[in-house]
Every structure is written in structure tokens, then in C-alpha cells.
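# Results of the structural survey
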Amino acid sequence: MSAFSTPADFSALLSPEGRALLDELRDHDPAQELALATRLRREHPAGLVSAALAQARLRQRAVAKFGAQDAARMYFTANGVEQATRTSVATYRAESFKALGVRSVADLCCGIGGDAIALARAGISVLAVDRDPLTCAVARANAEALDLAGLIEVREADVTEVDTAAYDAVFVDPARRGGGHGGAARSASMRGGGRATGGRIFDPEAYSPPLSWAVAAALKAPRAALKIAPGIPHEAIAAEADAEWISDGGDVKEAVLWFDAERTARAARSASTGGGGRATGGRMRATLLPGPRVLVGRGLPDPPVRPVGRYLYEPDGAVIRAHLVAEVADEVGGGLIDETIAYVTSDALRPTPYATAYEITDRLPFNVKKLRALLRERGVGVLTVKKRGSAVEPEELRRKAMPKPYGKASATVFLTRVAGAPTMLLGRSSPSGD
């Protein structure tokens, strides 16, 4: 809970007394919160103490996304912490805009301002728009707290009614959560405001605003980027867009659709005059942070299925989401272990930043007793279980196959299918490049 529900409630935290209280709570121990609250309520209004304690907890949660230095100065709502773009990803996107020559961006559905902050730090002026009054108040406070108010204008408005013609680019981050709390869900209607609460939304037309509206807005701008869920079906991607999947530290964080009006128009003219061009984008890429490392799709056919070789390559999740496993297989000179499984195998170790390589030591049909005997024989004490194409839960297998450590060795077991048959592959990590 944020412990405040209106801009007026939130403004109490911005008062000298509220700021002093937050400074005092900067390194507080949540385990001692009850005693701390009792003491603070002797000196401060109870409502302010509750709001400050809730904000202190949110700041601690926000460290993972924003870093300790920024999180200690920023303001958050519970939904804002959950749904804001992490700094590493927002910074990468802002630098991408900057490299394209963008100097001003209309940030629609800005939330608490995570992307606006990164854009401003890249020297880009930002119009940050959200429909929810409290969200706007928090975004405005964050711009001021980080000394970026000169580059960020926060506007409370319906994003569908904002004229973005004066801006070099548009960025849209639709809400992708709904249900649960009717009021919050309704406030984040298709008008594009606030962040809906509840479960994740998987239908792009159920985004707030819907993906179709966001695409239409993007096509009107010189350049645009739309942040979408990484699990979006490829067939739902607009033909005019290039699609990018981004992972950070191996975890897939988001997908982005990029639009370039000049390139699209040029391709359309070429197609209309018989030049063979396409009035579309359609390029897929996977970006791995830190780095960045960027793998661009080349339209390769599906890799062939081949017997399990000495090495198994596990592509990064962004590579898999972008359907670029074939590009990884081509890099390492490998093939698939099964036509439906995104594991690549090869007899050679060819380092690549786009996949983790494992040296396979054993292959056996799915059999827990045989795996337990093998782990005991190898003296394995640390077992990592990965699965793809298997219904078995990793923790369940780990508990049954290794009820206790058998030694100090480490191993990884892959629960998967090989040529359609349930299979266990035992391996160990190999250098995979930087």
C-alpha cells in the first residue's frame, strides 16, 4: 500500500516535515517498524508517519530497479514500483532515441516517470502524460527530486487527446494489468491513465490504451517506440514496426516496437513503383544488457534437428522470444535437439554472448533412480535443474534425485525431449563468450 490515495495526501510527504521524516527512515529496519512507528507517532501526525513508513518500504523495493542513490530520493506508488521500467533498460532506450537524433519525446502513459527520467538524462526534453492525478504528482516530484524538472513537463491529460505533432518522437507504455481492484482498473481505461492493478493482461487489445490505438499514434509520429509485453504473439506485431526483445542479466524484461515514418514511407514508395521494396519494418532483434549485445534476425530457416553433440547451448530468453534461435545455431554451427525445443547442440565450443554453453557429460532417458545413482557416483552436491518441453517440476526432481548432497561437485540436468523422447541431459557450464 502507498498509504496515500490523493495528491493532497501525497503532498504531505513533500513538506519539510515529511522530507525530514523520510530522511530519518532511509535505512530503517522493517523488522523494527512497529516500535519505530510508535515512537514517531509521539512526534508526528499518525497519518504522516504511516505514509512515510509505506514510502520508505517502497524506496527499499525500488533499489533493485533504480539503484540505491535514485531510489532514496524518488517517490513511488506500489503499482509504480511494480510496473516502472528498470533504469538499465530505460537508459538503453533513451540512448537509442538519442542516437536517432531525437531531441524531444512525448511520453504517453508515463507512470511515475522512470522512462522520462532516463530520456531527460540523455538530454532529451520530455512531455510526460498520464491521466491519473496522483501518478502525475509523483512523476512531477521525481523530476524535481532528481533535478530534471527543466527537461520534464508532466501533464495530467487523456493521452488520446494530446497533440504530439511538435515532438520528434512518441513513446507509449500502455498499462498491462487489470482486474482485481475495480476503481483502479477503471481509472486506467482506454484513455491511457494510471496503472491498472491486478493480473497481467495478455491480449494486446486489452492494454490501456489498446495496442491498436498506440500503433495508430506511432504511425503519426516521425519516430516512435511502444513498450509491450515480451510474450506478445508475433502475428500481433504491426507490419510497419521493427520488434526488439530486451533482457537484462539474462532475464527478459520487455519488448519494444520501433517505428520510423521516413523509412516506412520510402519503402512504400519503392513498392508502389515496382522497386521491390516493402512498406513495412518487420526486422526482429534481441538485445542483451549489460552491453548492449544486439542480435539481428536474418530470416534464416529453422535449424535442422541433429543428434546431441558434446555441447548444448541455451539461448538467452530474448533470443528465443525474438525467434532468433536459428541465428544462434548458425553462429555455433549447430542444430536443434528436437524440432519443438529451443536448445541448440554442436560438437564444437564456439563462444557466443547470445547463449550459455554446457558440456554434456551424460544422456539418459527420463528415470529418477538412474539420475540419483549417477549424481551419487559423481559426488554432486549442487544440482541445477532446467527444463524445456517437460511437465516435471524442477524442484520436485531435485528433491527426489538428490535428497542430500553427495559431494562438492556441481552439475546441471536438462529435462527435455530429444527426437520426441523424454530425456535427461547432464552437463557442466562451459565458457560462452562475452
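Residues numbered from 1 in each chain as written. Predicted model: local features only at pLDDT ≥ 70, side-chain atom pairs only at ≥ 80, totals over all residues. Heavy atoms only, no water.

### Details of the pairing of strand E9 (residues 251-260)
Across a regular strand the side chains alternate sides, sitting on one face of the sheet and then on the other. E9 sits mainly inside the fold: 7 of its 10 residues count as buried. Pairing of strand E7 (residues 223-228) with E9, which is carried by 6 bridges, proceeds in the antiparallel orientation. When the bridges of E9 are listed, Arg 223 appears paired with Asp 260. Relative to E9, strand E8 (residues 242-248) is paired through 7 bridges, and the arrangement is antiparallel. Paired with Asp 242 across the two strands is Trp 258, which belongs to E9. Where E8 folds back onto E9 in an antiparallel hairpin, the turn is made up of 2 residues, including Gly 249, whose phi is positive at roughly 65°. (Buried < 20%, exposed > 50% of the residue type's maximum accessible area, 1.4 Å probe, protein only. Helix = DSSP H or I, 4+ residues; strand = E, 2+ residues; numbered from the N terminus. Pairing = 2+ DSSP bridges.)

### Notes on the sheet that holds strand E10 (residues 284-289)
Spatially, the 9 strands line up as an open sheet ordered E3-E2-E1-E4-E7-E9-E8-E10-E11, and their pairing is mixed. Of all strands in the sheet, those with a lone pairing partner are strand E3 (152-156) and strand E11 (293-296), marking the two edges. Neighbour to neighbour, the strand axes of the sheet diverge by 20° on average, direction disregarded. Here 5 bridges tie strand E2 (residues 125-130) to E3, and the two strands are oriented parallel to one another. Looking at E3, one finds that Val 129 is bridged to Arg 155. Strands strand E1 (104-108), strand E4 (169-172), E7 and E9 of the sheet are contacted by helix H10 (residues 211-219), whose axis makes an angle of about 160° with E7. (Axes fitted to C-alpha atoms, helices over the stretch in contact; angles between N-to-C directions. Contact = heavy atoms within 4.5 Å.)

### Here we look at the packing of helix H2 (residues 16-24) against helix H4 (residues 46-71)
Look at H2 against H4: their axes get within 9 Å of each other, and the N-to-C directions meet at 45°. The angle between H2 and H4 falls in the class oblique. For H2 against H4, the interelement crossing comes out right-handed. Facing Glu 17, Gly 18, Leu 21 and Leu 22 of H2, the residues of H4 in contact are Leu 48, Val 49, Ala 52, Gln 55, Ala 56 and Arg 59. Its residues placed into classes, the contact of H2 with H4 shows 6 nonpolar, 2 polar and 2 charged. (Parallel < 35°, antiparallel > 145°, perpendicular 65-115°, else oblique. Left-handed = near helix turned anticlockwise from the far one by under 90°. Nonpolar A, V, L, I, M, F, W, Y, C, P; charged D, E, K, R; others polar.)

### Overview of the packing of aromatic side chains
Any two aromatic rings considered together are summarised by their centre-to-centre distance and by the angle between their planes. A complete count under the given rule lists 5 aromatic pairs for this structure. Ring centres of Tyr 358 and Phe 414 lie 4.9 Å apart, and the angle between their planes is 80°; this geometry places the pair in the edge-to-face category. You can see Tyr 358 sitting in strand E15 (residues 355-365) and its partner Phe 414 sitting in strand E17 (residues 409-418), a full 56 residues away along the chain. What makes Tyr 358 buried here is its relative accessible area of 6%. Put simply, the rings of Tyr 343, Tyr 358 and Phe 414 pair up and form one aromatic cluster. Taking NZ or CZ as reference, Arg 59 lies 4.9 Å from the ring centre of Tyr 75, over its face. Residue placement shows Arg 388 over the ring face of Tyr 343; its charged tip is 4.7 Å from the ring centre. (Phe/Tyr/Trp six-rings, centres within 6.5 Å; stacked < 30°, edge-to-face > 60°. Lys NZ or Arg CZ within 6 Å of the ring centre and 35° of its normal.)

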